[in-house]
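# Observations on chain architecture
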Amino acid sequence: MALPGKQSSKSRKRGRISLLKQKKVSLSVCPKCKKPIRPHHACAFCGTYRSRPILEIKTKLKTPKKKREAEQEAKEQKKHEKEEGKKR
Ligand SMILES: [Zn+2]
């Protein structure tokens, strides 16, 4: 019920608002990959729960395949150039 502001005391108001505050998520450590995980949840990084494989993890590629290939080629070319530079 809506009450006029003065009728709900400061302490009541603040107490009510304090319940809306986000609580800290408690984390535990994955026994396999040592990453922080939520307790009683399967690890999202290695897909294990209580050291048993539960989930199949599909790794997302950060960049599309074509771009990655192009980047690798560029890297290899740079390497070759470096090696040639050292020989001279
Ligand atoms: Zn893990």
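Above this text is the structure in question.
My aim in this report is to walk through the structure given alongside it, one point at a time. (Residues numbered from 1 in each chain as written. Predicted model: local features only at pLDDT ≥ 70, side-chain atom pairs only at ≥ 80, totals over all residues.)

What follows covers the overall build of the protein chain. Each helix and strand counted, the protein chain has two helices and four strands in total. Going residue by residue from the N terminus, the α and β elements of the protein chain occur as α-β-β-β-β-α. Against the compact-globule benchmark of 12 Å for 88 residues, the protein chain has a radius of gyration of 27 Å, which places it well outside the compact range. Based on the C-alpha atoms only, the size of the protein chain along its principal axes is roughly 85 × 35 × 25 Å. Across the 88 residues in the protein chain, those meeting the buried criterion constitute 2%. Taking the intrachain contacts of the protein chain between residues at least 6 apart in sequence as the baseline, contacts between residues at least 24 apart amount to 0%. (Helix = DSSP H or I, 4+ residues; strand = E, 2+ residues; numbered from the N terminus. Rg over C-alpha atoms; globule rule 2.2 N^0.38 Å. Buried ≥ 20, exposed ≤ 12 C-beta atoms within 10 Å, placed from the backbone. Contact = placed C-beta atoms within 7 Å.)

This part is about unusual backbone geometry. Phi is positive for His40, which is not a glycine, with a value near 65°. Topologically, His40 is positioned in the loop between β2 (36-37) and β3 (48-49). Assessed through the 8 C-beta atoms surrounding it within 10 Å, His40 is described here as exposed.

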